Amino acid sequence: MRIDVHAHYWTADYLDLLVDLGQAGAAAARGIGAGGGAELEARLRLMDRAGVQMQVLSACPQSPYGEDGQKAARAARFVNDQYAGLVQDRPDRFGAFAALPMPHLDQSLGEMRRALDELGMAGVAMNTTVLGHALVDPGYEPVFAELNRRRAVLYLHPAGNSACSPLIGDYHLTWMVGAPVEDTISVMHLITHGVPARYPDIKIINSHLGGALPMLLQRVDDQYGWEAPDTPERPSTAARRMWYDTVGHGHVPALRCAIDSFGADRLLLGTDFPYENGDTFVRAVDYIHDPQIDPSAARAILDQNASALLGIG
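Worth saying up front: this structure is predicted, and the values here are computed from it rather than measured.

## So, unusual backbone geometry
(1) Moving on: Omega for the peptide link from C60 to P61 comes to -5°, which places this bond in the cis form.
(2) Moving on: The residue P61 is located in the loop between β2 (54-58) and α3 (69-89) in this model.
(3) Moving on: Cis peptide bonds are those with omega within 30 degrees of zero, and the linkage from F273 to P274 qualifies with 10°.
(4) Moving on: Take P274: it is sitting in the loop between β10 (267-268) and α12 (279-286).
(5) Moving on: The residue H172 is not glycine, and still its phi comes out positive at about 60°.
(6) Moving on: Summarising the element assignment, H172 is placed in the loop between α6 (166-169) and α7 (174-192).
(7) Moving on: Residue classification places H172 among the exposed residues on the basis of a relative accessible area of 70%.
(8) Moving on: Of note in the backbone geometry, D272 takes a positive phi value of approximately 65° without being a glycine.

## Topic: the nonpolar core
(1) Moving on: Formed by 84 residues in total, the largest nonpolar core has its most connected members in V124, M126, L213 and L267.
(2) Moving on: When residues no more than four places from it in sequence are discounted, the contact partners of L213 are T184, V187, M188, I191, A239, Y244 and F262.
(3) Moving on: Counting residues in each nonpolar core, the second largest holds 16 residues, with A125, V153, L309 and I312 among its members.

## Remarks on the side chain of S108
(1) Moving on: In this structure, S108 sits in helix α4 (residues 105-118).
(2) Moving on: One polar contact links the side chain of S108 to the main-chain carbonyl oxygen of P101, over a distance of 3.4 Å.
(3) Moving on: Aside from chain neighbours lying at most four places away, what touches S108 is L100, P101 and M102.

## Observations concerning the sheet that holds strand β4 (residues 123-127)
(1) Moving on: Spatial strand order, β1-β2-β3-β4-β7-β8-β9-β10: 8 strands in an open sheet with parallel pairing. Only two strands of the sheet have a single neighbouring strand rather than two, namely β1 (3-8) and β10.
(2) Moving on: Bridge count for strand β9 (residues 243-245) against β10 is 2 bridges, and the pairing is parallel. Following the sheet pairing, Y244 is matched in β10 by L267.

## Digging into the packing of aromatic side chains
(1) Moving on: Enumeration according to the criterion identifies 6 aromatic pairs in this entry.
(2) Moving on: A centroid spacing of 5.5 Å and a plane angle of 15° characterise the contact between F97 and Y155, whose relative ring orientation is stacked. Here the residue F97 occupies a position in strand β3 (residues 94-98), and Y155 occupies one in strand β7 (residues 153-157), the gap between them amounting to 58 residues. You'll find F97 and Y155 in the same group, each marked buried.
(3) Moving on: A centroid spacing of 6.0 Å and a plane angle of 20° characterise the contact between F144 and Y199, whose relative ring orientation is stacked. Of this pair, F144 sits in helix α5 (residues 141-150) while Y199 sits in the loop between α8 (195-198) and β8 (203-206), and the two are 55 residues apart along the sequence.

## What about helix α11 (residues 252-262)?
Since one α-helical turn is 3.6 residues long, residues separated by three or four positions face the same way.
(1) Moving on: Where α11 is concerned, the buried positions are V252, L255, A258, I259, S261 and F262.
(2) Moving on: Those residues of α11 that are buried lie in contact with α9 (213-227), α10 (235-239), β9, β10 and α13 (295-310).
(3) Moving on: In the stretch just after α11, G263 is the one whose phi turns positive, near 100°.

## A look at the pairing of β3
Along any regular strand the residues' side chains alternate between the sheet's two faces.
(1) Moving on: With respect to burial, β3 is a largely interior element, 5 of its 5 residues being buried.
(2) Moving on: Burial along β3 is two-sided: F94, A96 and A98 facing one way and G95 and F97 facing the other are all buried.
(3) Moving on: Across 3 bridges, the pairing between β2 and β3 is parallel. Bridge pairing in β3 links Q55 to F94.
(4) Moving on: Tracing the backbone out of β2, into α3 and back to the parallel element β3 gives a crossover that is right-handed.
(5) Moving on: Where β3 and β4 come together, 2 bridges link them in parallel fashion.

Cut-offs applied
- Residues numbered from 1 in each chain as written.
- Predicted model: local features only at pLDDT ≥ 70, side-chain atom pairs only at ≥ 80, totals over all residues.
- Heavy atoms only, no water.
- Helix = DSSP H or I, 4+ residues; strand = E, 2+ residues; numbered from the N terminus.
- Buried < 20%, exposed > 50% of the residue type's maximum accessible area, 1.4 Å probe, protein only.
- Core = buried A, V, L, I, M, F, W, Y, C linked by side-chain atoms within 4.5 Å.
- Contact = heavy atoms within 4.5 Å.
- Polar contact = N/O pair within 3.5 Å; in protein donor to acceptor, adjacent residues only side chain to side chain.
- Pairing = 2+ DSSP bridges.
- Phe/Tyr/Trp six-rings, centres within 6.5 Å; stacked < 30°, edge-to-face > 60°.
- Right-handed = clockwise from strand over helix to strand, strands pointing away.

Take a look at the structure:
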């Protein structure tokens with residue numbers, strides 16, 4: 001089954017809750033094709049054109065994060081109920097990852113239980129940072145422990161915070177460069193802190209081919225021993241415990257590098273809808289069929305890996 005694991009969905013009502021939560025930038029996500037009604041129907045037509053049978057929806061990077069725990073919990077509950085309703089209406093076309101009201105642990109663990117046990121969602125989605133803090137900060141360990149206990153899927157997406165660097169944010173590079181930098185940093189945090197080894201039953205999906213990690217894998221293997229000596233296993237071993245979506249903007253050399261670095265069995269189809277829309281959306285699927293990609297690898301990436309990981313199809 002052809003499943004797109006990197007697809008966004010935000011209604012105006014949800015974005016209003018985020019603005020009230022203090023996320024003024026959420027308003028920029030309005031009207032870009034990710035909503036309901038006519039936008040949803042256009043999405044389905046585009047999925048049909050590209051041969052995508054199902055999308056697993058996520059709220060990232062418009063996650064319900066904020067200092068006000070009550071408002072964050074309300075926004076998380078709202079979007080998860082909204083996603084569950086859409087999945088119930090169109091179970092043949094949509095799944096969904098649950099949003100959590102981070103950094104509020106009690107509310108997040110409670111919403112995780114509700115979303116996975118009552119709403120039957122496909123896993124959990126989180127940003128690569130929580131209000132500027134790394135996911136591997138010790139305070140977030142209960143989230144990883146609960147995900148591991150549940151053998152759950154964890155999908156990670158950049159927060160869009162320019163990796164907290166003015167050299168990125170002040171120079172108009174937040175998404176062109178900053179997003180894959182966020183991916184790279186987040187994956188390396190997970191590796192150097194031993195998350196894939198300590199929580200082996202979490203099925204972690206990283207966005208955008210893992211950022212720059214495919215090109216850096218030998219470098220980090222060579223250098224982790226003196227720079228991060230507490231890393232519990234070779235970074236390349238830890239990297240291959242996780243999964244990566246194929247959002248690479250149609251750049252076949254990047255896809256080839258990820259296949260060579262991680263193995264085709266660790267890659268899952270992703271489109272980054274609605275940021276890749278129209279012909280660009282179709283390209284996000286079709287480039288995996290490029291003649292430079294082994295046909296058996298393309299079949300696994302497009303039609304087998306996500307189904308097996310998510311237990312769908």
